[in-house]
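Observations on the model geometry
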Amino acid sequence: LNRIVINTGFQKSDILIGENWTNVKTLIPTSDVVIVTDNNVRKIYGDKFPCFAVISLSPGEESKRFEVIDDIAKKLLEYGIDRTGFILGIGGGVVCDITGFISSIYMRGIRFGYVSSSLLSQVDASIGGKNGINCGPVKNTLGTFRQPEFVICDPSMLKSLPDDEYLSGLAELIKNGIILDSDLVNEIEHNYNGILNRDINLLTRLITRSVEIKASVVREDEKEKGKRMLLNFGHTFGHAIEVQSGLKHGFAVASGMILAVDISYKEGILTKSERDRVRNLLHQFNLIREFKLSKNEFEELITKDKKKEGDKINFVLLETIGKATVKKIQVKKLIDYFKSVD
Ligand SMILES: NC(=O)c1ccc[n+]([C@@H]2O[C@H](COP(=O)([O-])OP(=O)(O)OC[C@H]3O[C@@H](n4cnc5c(N)ncnc54)[C@H](O)[C@@H]3O)[C@@H](O)[C@H]2O)c1
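What counts, and where the lines are drawn
- Residues numbered from 1 in each chain as written.
- Predicted model: local features only at pLDDT ≥ 70, side-chain atom pairs only at ≥ 80, totals over all residues.
- Heavy atoms only, no water.
- Helix = DSSP H or I, 4+ residues; strand = E, 2+ residues; numbered from the N terminus.
- Expected span 1.5 Å × (residues − 1).
- Buried < 20%, exposed > 50% of the residue type's maximum accessible area, 1.4 Å probe, protein only.
- Arc of directions from axis to C-beta.
- Pairing = 2+ DSSP bridges.
- Salt bridge = Lys/Arg side-chain N within 4 Å of Asp/Glu carboxyl O.
- Near = heavy atom within 4 Å.
- Polar contact = N/O pair within 3.5 Å; in protein donor to acceptor, adjacent residues only side chain to side chain.
- Areas by Shrake-Rupley, 256 points an atom, 1.4 Å probe, with all protein chains shown as cover.
- Contact = heavy atoms within 4.5 Å.
- Axes fitted to C-alpha atoms, helices over the stretch in contact; angles between N-to-C directions.
- Parallel < 35°, antiparallel > 145°, perpendicular 65-115°, else oblique.
- Left-handed = near helix turned anticlockwise from the far one by under 90°.

A closer look at the environment of S294
With respect to the element layout, S294 can be found in the loop between α11 (272-284) and α12 (295-302). Sequence separation between S294 and Q330 is 36 residues; the distance between their C-alpha atoms is 19 Å.

So, in structure tokens, the structure goes:
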């Protein structure tokens, strides 16, 4: 069991990697707990859930809507949950985002924690205190920063993940290595079979390292004023691809990373061989999927991007594997780059 703590001064979050998820019962109160999950996760793991009321959502991005939040709030009222209550999210990134969001606004904020059940959520979505739901064409338009009391990342839960969900999470794990830790990238490159076989010890090590990377960034810059922006590597294009094409988050980000390393190379800050090493790694794990996104659609989406400031956008470039940097780039220039690769 590996324990990583994120203490932002106001809130403390305990991240337990390699912990058996059923031990969550020792971390929650003995009453006034409601579990939020989705139907898939409930079907596989529901019989071992702690004995509390369960709100089970339709799986997937479609649930990240305000109407769903409204429904959950009404159920919490029905169950008599007040400010002293606790919400336990058991699921992937969607469940964690929804649990974090409702917990931070219900009764102006109540206690919450996660059992994080997908690879994407173990290495990314459940870590760092961001939550959000969608509204209109831009993802995560409504959200808050609030740290869960704890996050359990039990890699044995990943055995039941569908292949594409697993690979989608792998893209974010690889991203964390590419931007800040070349050793993690080496380890991923040298453990192809172990990763595909979902070797629990290997995954515990890789997830721990990835969480350490994200935690160190969040400790320094919880509200994304500086260093945390590095975590958005591949996401400017990735979000546009995800929204328009419906590709899974990790696959969209993987294609976004390909574009980002290409731009880094064209801007003269990344060598061709490092660019190709990133490309090969993403292709090797079959993370690059076909998508349709026209130049006009991209142009429209990028002009609505949350990270845009005036006519520029904070774009994450790669200097070398393990070292990324943020640069303000003209939106027009990015659109031209997109056109040139299309
Ligand atoms: N808040 C953040 O910082 C942050 C960061 C990255 C991503 N996200 C969000 O995370 C979401 C994507 O997360 P995700 O990929 O986990 O999606 P998800 O929660 O939809 O889970 C993917 C699928 O896997 C299923 N599943 C989850 N755990 C399982 C298990 N152990 N066994 C079998 N099936 C399982 C789910 O039911 C779902 O069908 C997106 O909405 C994205 O915006 C948030």
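Once you've had a look at it, read on.
Some points on helix α2 (residues 66-78)
Its 13 residues place the ends of α2 19 Å apart at the C-alpha level, agreeing with the 18 Å of an ideal helix rising 1.5 Å per residue. By the burial criterion, the buried members of α2 are V68, I69, I72, A73 and L76. Axial view of α2: buried residues confined to an arc of 140°, hence all on one face. Exposed side of α2, more than 90 degrees from the buried face: L77 and E78 are the residues found there.

Here's the deal with the sheet that holds strand β11 (residues 312-320)
Taking strand neighbours across the sheet as the criterion, the three strands line up as β10-β11-β12 in an open arrangement whose pairing is antiparallel. Sheet topology places β10 (308-309) and β12 (323-330) at the edges, where each strand pairs with a single neighbour. As paired strands, β10 and β11 are joined by two bridges and run antiparallel to one another. Looking at β11, one finds that K308 is bridged to I313.

Observations concerning the pattern of salt bridges
Under the defined criterion, the tally for this structure stands at 29 salt bridges. Of the charged contacts, one joins R277 and E189 as a salt bridge, the two residues approaching to 2.9 Å between their closest N and O atoms. Highlighted residues: R277 in helix α11 and E189 in helix α6 (residues 182-189), separated in sequence by 88 residues. R277 sits in the partly exposed class, given a relative accessible area of 25%. D262 is paired through a salt bridge with K266; the nearest N and O atoms lie 3.1 Å apart. With a gap of four residues between them, D262 and K266 both fall in helix α10 (residues 249-266), about one helical turn apart. D262 gets classed as buried once you look at its relative accessible area, which sits at 9%. Its relative accessible area of 41% is what places K266 among the partly exposed residues.

Focus on the site of the ligand
Near the ligand you find 27 residues, and of these D38, E61, S117, S118 and S160 are the closest. Here an oxygen atom of the ligand sits 2.7 Å away from a polar atom, N or O, in the side chain of D38. For the ligand, whose unbound accessible area comes to 860 Å², protein coverage reaches 91%. Those elements that provide at least two residues to the shell around the ligand are α1 (39-45), α3 (93-105), α4 (119-125) and β8 (138-142).

A closer look at the environment of V185
On the secondary structure map, V185 appears in helix α6. Looking at V185, the relative accessible area reads 1%, which means it is buried. Separated by 70 residues in sequence, V185 and S255 have C-alpha atoms that sit 17 Å apart. V185 has contacts with G177, I178, R277, L281 and I321, leaving out every residue within four places of it along the chain.

Here we look at the packing of helix α5 (residues 163-180) against α10
Where α5 contacts α10, the two axes come as close as 7 Å, and the packing angle between them is 40°. By the angle class used here, α5 and α10 are oblique. Note on packing geometry: the crossing formed by α5 with α10 is left-handed. Along the contact surface, α5 presents D164, L167, S168, A171, E172, K175 and I178, while α10 presents H249, G250, F251, V253, A254 and M257.

Observations concerning the pairing of strand β5 (residues 86-91)
Where burial is concerned, most of β5 is hidden: six out of the six residues are buried. Alternating positions in β5 separate into two faces, F86, L88 and I90 on one and I87, G89 and G91 on the other, with burial throughout. Inspection of the sheet shows strand β3 (residues 33-38) paired to β5 by five bridges, in the parallel sense. Note on β5: the bridge partner recorded for V34 is I87. Both β5 and strand β6 (residues 111-116) contribute to a ladder of six bridges, which runs parallel. Paired with L88 across the bridge in β6 is G113.

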